[in-house]
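Single-letter residue listing:
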Amino acid sequence: MRLSRYFLPVLKETPSEAQIVSHRYMLRAGMIKQASAGIYSWLPLGFKVLRKIEEIVHQEQQRVGHIPLLMPTLQSADLWRESGRYDDYGEEMLRITDRHGRDMLYGPTNEELITDIFRSHVGSYKDLPLTLYHIQWKFRDEIRPRFGVMRGREFLMKDGYNFDLTKEDALHAYNRHLVSYLRTYERMGLQAIPMRADSGPIGGDDTHEFLVLADTGESEVFYDSQITDLKFGDREIDYDSHAECQAVLEEFTSRYARTDETHDEALFNQIPEERRRTARGIEVGQIFYFGTKYSEPMGATVQDSDGNKVPVHMGSHGIGVSRLLGAIIEASHDDKGIIWPEGVTPFHAGIVNLKQGDAEADGACEALYKSLTALGLEPLYDDRNERAGGKFATMDLIGLPWRITVGPRGLKNGVVELTSRRTGESEELPPEQAVERIAAIYNKVLPGA
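Remember, it's a predicted structure, so these values are computed and weren't measured experimentally.

S.K.: Can you walk me through the packing of helix H2 (residues 44–64) against helix H9 (residues 321–331) in this structure?
M.R.: When two helices pack together, their arrangement is given by the angle between their axes and by how far apart the axes lie. Close contact between H2 and H9 brings their axes to 9 Å; oriented N to C, the two are set at 110°. The orientation of H2 relative to H9 falls into the category roughly perpendicular. You can see that H2 and H9 cross each other, and the crossing is right-handed. Here Gly-46, Val-49, Leu-50, Ile-53, Glu-54 and Val-57 of H2 lie close against H9, whose contacting residues are Val-321, Ser-322, Leu-324, Leu-325 and Ile-328. Of the residues that constitute the contact of H2 with H9, the class distribution is 8 nonpolar, 2 polar and 1 charged.

This is the structure in structure tokens:
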């Protein structure tokens, strides 16, 4: 993409309503625009990152064998009355009446709808285990929406639902989701710590939240510092193996890590004092096992091997896709702007032409642009007739991980400048080597690159 042809409405000043870093930078970098309180239009740069995050979530869910579908945003109130949640959910639910007087709601979650799909089409234990998921817009009518996409009313969420014959099988699905979430977040450059949490209106006894440590987090968290040394990495896991998935769960949850809602001071004090940590955390996902909470009242049963009808055991598992943008920025920025991890960056590298209109500089930039594109990478070429300082400021603000700077002086020596946004370190090298270096970096990050 050439910046002269792109829609990137960068702001020099920070809007007064932006209180935290991610909200400030998303507005200034032209990623979002508020449509109404807690509801945003996703402008091209923000939409591009949103799709990158969504694609990673899809890849990791399908790696595990989970099956995507798509459910509607509007749901019938009748289903929620069956489960008993319609009146219990509270004022966060946006209730609607259609022209025929039927009670509807804008879905805050999808347990009832997916249970209705299951009970309509599955009747035998032979069809289990089954996990279905979708990525869809949700609405929760927050009383005070704030912090941009971190606590909006409309948000994009991945929610998945497992259906299993036994509690043992359902807890394996729970463990499987925990493993897949660890991979998902690490691919986005995040360390998301699984913490024992409260189930809230979803219900159930077993639940973990995944939290990213950040000063602006809405939750107070308590944890053993050893947990921050854990990395899932590139290990291969057999997701069908109960033992392997259980081992990962024990590895990542055996040390103390809890939100303020489930914090136990006595247990916390058993940790050596030098390892006790208190911080703030941003929730980016949660997994639940809730057994037959929905299947029993809604009649989601299967015939077991003895011919008996039994309610299935269920769980639900969510990732805040749109919220993740804010969490990544909160965890990865400096005073100049965003610093995108390579896995989710909107463009893989920026090309800055220091002397637009100079034949040699223009030609070198065009060659770099074509070489990167031919390798399946997406460069953003700043071909505007702007001062160099303005071009650098824009690149720093939007946070592309790598920048190639091209100018007549360097070209006389046969080199361009390759700069890391994260470290600020620059290196002069021939243009073709700069392309090779960037390609090698992304070959380690992007599947199929």
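Text resumes after the structure shown.
S.K.: Help me understand H9 in this model?
M.R.: Residues three or four positions apart in an α-helix share a direction because the helix packs 3.6 residues into each turn. Along H9, 10 of the 11 residues are buried, which leaves the element largely enclosed by surrounding structure. Taken residue by residue, H9 has Val-321, Ser-322, Arg-323, Leu-324, Leu-325, Gly-326, Ala-327, Ile-328, Ile-329 and Glu-330 as its buried positions.

S.K.: So what exactly am I meant to see when it comes to the sheet that holds strand E23 (residues 426–429) here?
M.R.: Within a sheet, each strand pairs with its neighbour through backbone hydrogen bonds, oriented either parallel or antiparallel. The strand order across the open sheet formed by 5 strands is E20-E19-E21-E22-E23, and the pairing between neighbours is mixed. Across the chains shown, the open sheet's two edge strands, defined by having one partner strand only, are strand E20 (379–382) and E23. Strand-to-strand, the axes of this sheet are offset by a mean angle of 20°, without reference to chain direction. Bridge count between strand E19 (residues 349–353) and E20: 4 bridges; the pairing is parallel. What sits directly across from Ile-351, in E20, is Tyr-381.

S.K.: Help me out: how do you make sense of the pairing of strand E22 (residues 416–420) in this one?
M.R.: Residues in a regular strand project their side chains so that they alternate between the two faces of the sheet. Burial of E22 is extensive: 4 of the 5 residues sit out of reach of the surface. Here strand E21 (residues 402–406) runs beside E22; their pairing, made up of 4 bridges, is antiparallel. Residue pairing across strands places Trp-402 opposite Ser-420, the latter belonging to E22. Bridge analysis of E22 against E23 gives 4 bridges, and the strand direction is antiparallel. Bridge pairing in E23 places Val-416 opposite Leu-429.

S.K.: Honestly, the packing of aromatic side chains in this entry has me stumped. Any pointers?
M.R.: The description of two aromatic rings rests on the distance between their centres and on the angle between their planes. Counted under the stated rule, the structure contains 11 aromatic pairs. Aromatic side chains Tyr-106 and Phe-139 sit 5.4 Å apart centroid to centroid with 50° between the ring planes, which places their arrangement in the tilted category. One end of the pair, Tyr-106, is in strand E6 (residues 103–106); the other, Phe-139, is in strand E7 (residues 130–139), and 33 residues separate them in sequence. A ring pair is formed by Tyr-256 and Phe-268, whose centres lie 5.4 Å apart and whose planes are at 50°; its orientation type is tilted. Residue Tyr-256 is found in the loop between helix H6 (242–253) and strand E12 (257–259), and its partner Phe-268 is found in helix H7 (residues 265–268); the two are separated by 12 residues along the sequence. Put simply, the rings of Tyr-181, Tyr-185 and Phe-210 pair up and form one aromatic cluster. One cation-aromatic arrangement involves Arg-95 over Tyr-86; the distance from NZ or CZ to the ring centre is 4.9 Å. It is Lys-293 that lies over the ring of Tyr-294; its NZ or CZ is 5.5 Å from the centre.

S.K.: Would you mind going over the nonpolar core with me for this structure?
M.R.: Proteins that are soluble and globular tend to have nonpolar side chains buried together. Met-31, Ile-53, Tyr-185, Phe-210 and Val-284 are the most contacted members of the largest nonpolar core, which has 76 residues in total. Counting 25 residues, the second largest nonpolar core, distinct from the first, contains Ala-77, Tyr-86, Met-93 and Ala-300.

S.K.: Would you take a moment to explain the sheet that holds strand E4 (residues 74–76) for this structure?
M.R.: The sheet built from 3 strands is open, its strands ordered E4-E6-E5 with antiparallel pairing. Unpaired on one side and paired on the other, E4 and strand E5 (94–97) mark the two borders of the sheet. Averaged over all neighbouring strand pairs, the angle between strand axes comes to 35°, with direction disregarded. Here 4 bridges tie E5 to E6, and the two strands are oriented antiparallel to one another. Across the sheet, residue Leu-94 finds its bridge partner in E6, namely Tyr-106.

S.K.: Would you explain the packing of helix H10 (residues 359–374) against helix H13 (residues 431–443) in this entry?
M.R.: For the pair H10 and H13, the least separation of the axes is 10 Å and the interaxial angle reads 30°. In terms of orientation, H10 lies roughly parallel with respect to H13. H10 and H13 meet at a crossing whose hand is right-handed. Contact residues: Leu-368, Ser-371 and Leu-372 in H10; Pro-431, Val-435 and Ile-438 in H13. Of the residues belonging to the contact of H10 with H13, the class tally is 5 nonpolar, 1 polar and no charged.

Calculation notes
Residues numbered from 1 in each chain as written. Predicted model: local features only at pLDDT ≥ 70, side-chain atom pairs only at ≥ 80, totals over all residues. Heavy atoms only, no water. Axes fitted to C-alpha atoms, helices over the stretch in contact; angles between N-to-C directions. Helix = DSSP H or I, 4+ residues; strand = E, 2+ residues; numbered from the N terminus. Parallel < 35°, antiparallel > 145°, perpendicular 65-115°, else oblique. Left-handed = near helix turned anticlockwise from the far one by under 90°. Contact = heavy atoms within 4.5 Å. Nonpolar A, V, L, I, M, F, W, Y, C, P; charged D, E, K, R; others polar. Buried < 20%, exposed > 50% of the residue type's maximum accessible area, 1.4 Å probe, protein only. Pairing = 2+ DSSP bridges. Phe/Tyr/Trp six-rings, centres within 6.5 Å; stacked < 30°, edge-to-face > 60°. Lys NZ or Arg CZ within 6 Å of the ring centre and 35° of its normal. Core = buried A, V, L, I, M, F, W, Y, C linked by side-chain atoms within 4.5 Å.

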